[in-house]
Amino acid sequence: MTALEPDELRRLLTEAVDPVRASPAGYERIRAGIIRRRRMRVPATTVGGLALAGLISLAYVAIEPGPPSILVEPTVPPLTQPTPEVTAVRTAASQPPGHGGTGGGGQVRPSGTPSRLETSASPTSPNPGDGVTPTASASRPSGTPSNVHSPTLPPPVSVPAMAGDVDGDGVRDPATVSDSTVRVALSMFGSTAVTFPAVAAPFTFSIVDIDGDGYGELIVQTDSSGETRNYGVARLTSTGQLRVVNGSPLRAGLNGDHGDGFRCESGKVVVAAGDRTTDRIYQVTSTTWQVTGTGFTAVGSPANATVDLASAPSPFTAGCGIA
């Protein structure tokens, strides 16, 4: 930069700082400018405030989150499966049925095993619009006795049941004993066991249809009192299990001047009880009992008779197949 001469610098300063000369016209111009600036300040402030408010509103709209867009699908109704209809079918054994009781020895099973229960499920799927309502049906062979224990048991092949047949399929069911528990191998339902209060030795039993419903009852000698032998009875339930029949009146034998005996006839058991009057003559009372549910029920009126054991068969023996 070139240095200025002193005279030149003085001249420039003088021109820049020209002495202000006061005049009425200058004063009026200054006053008018001040008023004009005041008038323009208020609109400018208002416009600025409005502009700032508009910017704030735009910013809020821009950053405000919108409502979530959630897609709700309709609930699918649950699928229902129809209950299958179950029909029990049973094939009778080919062995011809018989009647009477069995001794206390082991039982012999034939080589042919009867068919087990066969179940067939046929689901029903009706159309809701056709107005058809499914109905359950069960068929049973004709000729089924009316006193069958329960509809869940298959119908017996013989009424009364053959000797040694508990489950009514015409096949002998062998029995074994362990302590006071007797186990019977049912050909229809498998092995089942029943426990008596006691079981006498040697093991003496029979399987005979006492109530004539096509299912054999298990008769077991439980104990003895002197020469009188006591017997318990078990029958098949609707679930294929053996249960003890309460209050068994079955006793047999002569004990001093008193005698007891029983025999099976026509779906009932006749129990004889007598006392000696003179020599071998006994006054005997015979009572007929029927197995009903879980107990014995006396039916009819007792019959009285005089029996001479010297000439007539003794009524004081065990019947119903007991050896």
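Cut-offs applied
- Residues numbered from 1 in each chain as written.
- Predicted model: local features only at pLDDT ≥ 70, side-chain atom pairs only at ≥ 80, totals over all residues.
- Heavy atoms only, no water.
- Core = buried A, V, L, I, M, F, W, Y, C linked by side-chain atoms within 4.5 Å.
- Buried < 20%, exposed > 50% of the residue type's maximum accessible area, 1.4 Å probe, protein only.
- Helix = DSSP H or I, 4+ residues; strand = E, 2+ residues; numbered from the N terminus.
- Contact = heavy atoms within 4.5 Å.
- Phe/Tyr/Trp six-rings, centres within 6.5 Å; stacked < 30°, edge-to-face > 60°.
- pLDDT = per-residue confidence, 0-100.
- Disulfide = S-S within 2.5 Å.

Caption draft 1: Highlighting the nonpolar core. The biggest cluster of nonpolar side chains holds 18 residues, and the ones touching the most others in it are Val182, Val184, Phe196, Leu218 and Val220. Taken together, the elements giving at least two residues each to this core come down to strand S4 (181-186), strand S6 (205-208), strand S7 (217-225) and strand S8 (228-236). Counting residues per element, this core draws most heavily on S4, at three residues. With residues up to four places along the chain from it excluded, the contact list for Val182 reads Ala175, Thr176, Val177, Thr192, Ala193, Val194, Phe196, Val199, Phe203, Leu218 and Val220. Formed by 16 residues, the second largest nonpolar core is a distinct cluster that contains Ile219, Phe262, Val291 and Phe296.

Caption draft 2: Seen up close, the packing of aromatic side chains. One pass over the structure, following the stated rule, counts three aromatic pairs. Ring plane angle 15° and centroid distance 4.7 Å describe the contact between Phe203 and Phe205, whose orientation is recorded as stacked. This pair shows no difference in class: Phe203 is buried, exactly as Phe205 is. Arranged with centres 5.4 Å apart and planes meeting at 70°, the rings of Tyr231 and Phe262 form a pair that is edge-to-face.

Caption draft 3: Up close: the confidence of the model for the protein chain. Residue-level pLDDT values for the protein chain average 77, and 66% of them are 70 or greater. Scored below 50 in pLDDT, residues 82-150 shows 120 contacts in the model against residues more than four places distant or in partner chains.

Caption draft 4: Here's a closer look at the state of the cysteines. One pass over the structure, following the stated rule, counts one disulfide. Covalently, Cys264 is tied to Cys320 through a disulfide, its sulfur atoms 1.8 Å apart. Residues Cys264 and Cys320 share a disulfide whose torsion about the S-S bond is about 100°; that sign makes it right-handed. Of the two residues, Cys264 sits in strand S11 (residues 258-265) while Cys320 sits in the segment after strand S14 (295-308), which places them 56 residues apart along the sequence. Its relative accessible area of 26% is what places Cys264 among the partly exposed residues. By relative accessible area, Cys320 is classed as buried at 7%.

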